[in-house]
Amino acid sequence: MSGSTSPPPSAEAVGTEGCFPPGYKPFKPEEHGLERGFRCKVPQEALLKLLAGLEADRADGTGKAGDQASEFGQQLSGPRLGVGMDCCVIPLRHGGLSLVQTTDFFYPLVEDPYMMGRIACANVLSDLYAMGITECDNMLMLLSVSQKMNDKDRERVMPLMIRGFRDAAEEGGTSVTGGQTVINPWIIVGGVASVVCQPNEFIMPDGAVPGDVLVLTKPLGTQVAVNAHQWLDQPERWNKIKLVVTKEDVKEAYQEAMFSMATLNRTAAGLMHKFQAHAATDVTGFGLLGHANNLAAQQRNEVAFVIHNLPIIAKMAAISKACGNLFNLVQGTSAETSGGLLVCLPREQAAKFCSEMKSQSSGAAGQGAAGGAWIIGIVEKGDRRARIIDKPRIIEVPPRGSQAANQDNSTTSPAPSPNLS
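Residues numbered from 1 in each chain as written. Predicted model: local features only at pLDDT ≥ 70, side-chain atom pairs only at ≥ 80, totals over all residues. Heavy atoms only, no water.

- In the annotation of an unreviewed UniProt entry, the protein is listed under the name selenide, water dikinase and assigned to Dicentrarchus labrax.
- Note on the protein: under the UniProt heading Function (unreviewed entry), the record states "Synthesizes selenophosphate from selenide and ATP."
- Under the heading Catalytic activity (unreviewed entry), UniProt records this for the protein: "hydrogenselenide + ATP + H2O = selenophosphate + AMP + phosphate + 2 H(+)". (UniProt positions renumbered as here; feature names shortened; annotations may be inferred.)

Structure, rendered in structure tokens:
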């Protein structure tokens, strides 16, 4: 797992000047009726209905085979995970081995092509990490080149995006061996991650028990941060939030969001094994509550997830509130990209998990949003659903390099308390 906690290099460090080439107008979802980071994803309920079409038909023609996993299990032994979770887990013909595979892609979120490539790769790998898998055998890259780009822009931008994707893959201990590239109205970037592993190398996301503690390994608010940064040049939007945040606050939050999204969840994946995690998922397009609900529904035991604390990049909760129902960050439905892992841990292990996450992260990346993990809730007996309490505690997470983060870095903070009262 060497290098897994290192902060991704800045665009300046690789000579990209930190932006798209002068004169090139990057894809802006807002020009197509979208906001950065959301409304590009099929709503969760609609998606599950669509995915039902992937289920195998019953041999007797009576409809879908709801027990297809058990039918396949009679042919191939081993854990199986299908439609609806982060990865598919498929037992192989070769005894004791499983194929774990995932794919993801999306539109650009930031205007730095190198960093966008890193974020896309980190987002794909995160699905493996959510199952406690720390090694990836192979990656493919999916890339859509905008038909609106001229040859000069395409020749400068796309290689940087590819380089960022490749560098993140190498940081994760894997390589990119191919993929697919097409022409499209907009830039799209993503990939496929695959690994063949033994059962002890992954943690099935279905073992939560009452008394477990919920831990989140990255703060929320990336969607708000990238949109607020975009609004710096849109007076009608900026006027709605300028009373609760400064331009410097927004710039720091944007930088933090970008580096947080580009940070691999590989360290957390390894610690899931060390501290006996019972289940996990990564927090992405459906927001914290959407993914928590999805994970709760997957559990073998009749449990419910109750979320009390929300770690959020500093000032992003205030921006969300000022925008009314646009983001719903505190309500848990604000989309995230390459977010943290939501992990169910035994109560006695949760604080130690958080402490080690902080120590491993701060050693290389410094204090800030990527510098640890937070206890956010509990697992109790229930109906396999998740909820956020009416007045959750907001934990303001200072961006790395900010004055608040530097003050935190000069003191020794105690391990996060499991007290959720």
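## Thoughts on the overall build of the protein
- Within the protein, the secondary structure is distributed over 12 helices and 11 strands.
- Taking all 421 residues of the protein together, the buried fraction comes to 53%.
- In the protein, the share of contacts with a sequence separation of at least 24, taken over all contacts with a separation of at least 6, comes to 82%.
- A total of about 18200 Å² of accessible surface is found on the protein, and carbon and sulfur atoms cover 50% of it. (Helix = DSSP H or I, 4+ residues; strand = E, 2+ residues; numbered from the N terminus. Buried < 20%, exposed > 50% of the residue type's maximum accessible area, 1.4 Å probe, protein only. Contact = heavy atoms within 4.5 Å. Areas by Shrake-Rupley, 256 points an atom, 1.4 Å probe, with all protein chains shown as cover.)

## As for the pattern of salt bridges
- By the definition in use, this model includes 8 salt bridges.
- Across the salt bridge formed by Arg400 and Glu256, the nearest N and O atoms sit 2.6 Å from each other. Residue Arg400 is found in the loop between β11 (386-397) and α12 (403-409), and its partner Glu256 is found in helix α7 (residues 247-262); the two are separated by 144 residues along the sequence. (Salt bridge = Lys/Arg side-chain N within 4 Å of Asp/Glu carboxyl O.)

## What about the sheet that holds strand β2 (residues 98-106)?
- In space, the 5 strands of this open sheet follow the order β1-β2-β5-β3-β4, with mixed pairing throughout. Strands at the two margins of the open sheet, each flanked by one partner only, are β1 (88-91) and β4 (176-184). Each strand axis lies, on average, 15° off the axis of its neighbour in the sheet, ignoring direction.
- Relative to β2, β1 is paired through 4 bridges, and the arrangement is antiparallel. (Pairing = 2+ DSSP bridges. Axes fitted to C-alpha atoms, helices over the stretch in contact; angles between N-to-C directions.)

## A few points about the packing of helix α3 (residues 113-129) against α7
- Contact geometry of α3 with α7 gives a least axis separation of 7 Å together with a crossing angle of 45°. For the element pair α3 / α7, the angle class is oblique. Contacts from Met115, Arg118, Ile119 and Ala122 of α3 reach α7 at Met258, Phe259, Met261 and Ala262.
- When grouped by side-chain class, the residues that make up the contact of α3 with α7 number 7 nonpolar, no polar and 1 charged. (Parallel < 35°, antiparallel > 145°, perpendicular 65-115°, else oblique. Nonpolar A, V, L, I, M, F, W, Y, C, P; charged D, E, K, R; others polar.)

## Some remarks on the packing of helix α5 (residues 222-231) against α7
- For the pair α5 and α7, the least separation of the axes is 8 Å and the interaxial angle reads 130°. Classified by the angle between their axes, α5 and α7 sit oblique to one another. The two elements α5 and α7 cross, and the hand of that crossing is left-handed. When α5 is examined against α7, the residues Thr222, Ala225, Val226, Ala228 and His229 are found in contact with a partner set consisting of Val250, Lys251, Ala253, Tyr254, Ala257 and Met261.
- Here the contact of α5 with α7 is built from residues that sort into 8 nonpolar, 2 polar and 1 charged. (Left-handed = near helix turned anticlockwise from the far one by under 90°.)

## What about the nonpolar core?
- In terms of nonpolar packing, the biggest core is built from 108 residues, with Val100, Val110, Phe305 and Phe353 touching the most fellow members.
- Take this core: its biggest share by element is 11 residues, from α3.
- Setting aside chain neighbours within four positions, we find Phe305 in contact with Ala208, Leu214, Ala292, Leu295, Ala296, Gln299, Cys344, Ile378, Val379, Arg385, Ala386 and Arg387. (Core = buried A, V, L, I, M, F, W, Y, C linked by side-chain atoms within 4.5 Å.)

## As for the side chain of Thr263
- In this fold, Thr263 is placed in the loop between α7 and α8 (266-274).
- Looking at Thr263, its side chain comes within polar contact range of the main-chain oxygen of Phe259, at 2.7 Å. (Polar contact = N/O pair within 3.5 Å; in protein donor to acceptor, adjacent residues only side chain to side chain.)

## Topic: the sheet that holds β11
- Taken together, the 6 strands give an open sheet; going across it, the order is β7-β9-β6-β10-β8-β11, and neighbouring strands pair in mixed fashion. A strand with exactly one partner marks an edge of an open sheet, and here the two such strands are β7 (279-282) and β11. Across this sheet, the average inter-strand angle for adjacent strands is 20°, counted without regard to direction.
- For strand β6 (residues 213-216) and strand β10 (residues 374-381), the ladder comprises 4 bridges, and the chain directions are antiparallel. Considered in β10, the bridge of Leu216 is made with Trp374.

## What about helix α9 (residues 287-297)?
- Judged by how many residues are buried, α9 sits mostly within the fold: 9 of 11 residues are covered.
- Within α9 the residues assigned to the buried category are Gly287, Leu288, Leu289, Gly290, His291, Ala292, Asn294, Leu295 and Ala296.

## As for the side chain of His308
- The topology assignment puts His308 in strand β8 (residues 303-313).
- Exposure remark for His308: the relative accessible area of 14% places this residue in the buried category.

## Topic: the packing of aromatic side chains
- Per the counting criterion, the structure on display carries 3 aromatic pairs.
- Centre to centre, the rings of Tyr107 and Trp186 are 5.6 Å apart; their planes meet at 80°, and the pair counts as edge-to-face. A residue pair is termed long-range when its members are at least 10 positions apart, and Tyr107 in the loop between β2 and α3 and Trp186 in the loop between β4 and β5 (188-197) qualify at 79 residues.
- Their ring planes at 80° and their centres at 6.2 Å tell us that Phe275 and Phe353 sit as a pair that is edge-to-face. Taken together, the residues Phe275 in the loop between α8 and β7 and Phe353 in helix α11 (residues 347-365) connect sequence positions 78 residues apart. When sorted by exposure, Phe275 lands in the same class as Phe353, which is buried. (Phe/Tyr/Trp six-rings, centres within 6.5 Å; stacked < 30°, edge-to-face > 60°.)

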